[in-house]
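Fold and geometry: a report
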Amino acid sequence: MDALQVLQYIKRLPGVAGVFVADQSSRILASEVPPMFDDAALNGMATDGLNALETLRAEVPDFNELRIDFDLMTILIRDLDGPLLFVLIDDASEVSSVRIAGN
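First things first, this report covers the structure right here in the doc. (Residues numbered from 1 in each chain as written. Predicted model: local features only at pLDDT ≥ 70, side-chain atom pairs only at ≥ 80, totals over all residues. Heavy atoms only, no water.)

A short note on the side chain of serine 26
As for its position among the elements, serine 26 is in the loop between β1 (16-22) and β2 (28-32). Classification of serine 26 as buried rests on a relative accessible area of 8%. There is a polar contact of 3.2 Å between the side chain of serine 26 and the side chain of threonine 47. Beyond its immediate stretch of four places on either side in the chain, serine 26 contacts Asn43, Ala46, Thr47 and Leu50. (Helix = DSSP H or I, 4+ residues; strand = E, 2+ residues; numbered from the N terminus. Buried < 20%, exposed > 50% of the residue type's maximum accessible area, 1.4 Å probe, protein only. Polar contact = N/O pair within 3.5 Å; in protein donor to acceptor, adjacent residues only side chain to side chain. Contact = heavy atoms within 4.5 Å.)

Printed below as a string of structure tokens:
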């Protein structure tokens, strides 16, 4: 299963509005997101997510997962030992939580 197939699988999970992967320079490697998220929005999320992880790692060096809650959406960020996985959860859904697991 290639990276795009994995993203398509994750996007089909209940409550998942979109998913994308970015490298450590915030470049988008693959995405399955709604059309309202253009390249600039994804790059901004990737940059902000990477900065948040780096800030938290200053205090907790092995910190690798972050959840950011907004009014309309939750963003889950997981460091996959290089690339960052971003999962966008629609808060209007009835999903109570999602856990990102990976090696």
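Section: helix α2 (residues 39-57)
The terminal C-alpha atoms of α2 lie 27 Å apart, and with 19 residues this matches the ideal 27 Å at 1.5 Å per residue to within 8%. The set of residues buried in α2 consists of Leu42, Met45, Ala46, Gly49, Leu50 and Leu53. Burial along α2 is one-sided: seen end-on, the buried residues are contained in an arc of 125 degrees. Residues of α2 that are exposed and point over 90 degrees away from its buried face: Ala40, Asp48 and Thr55. Here the buried face of α2 lies against β1, β2, β3 (65-69), β4 (73-79) and β5 (84-90). (Expected span 1.5 Å × (residues − 1). Arc of directions from axis to C-beta.)

Taken by themselves, the reported measurements are silent on function.
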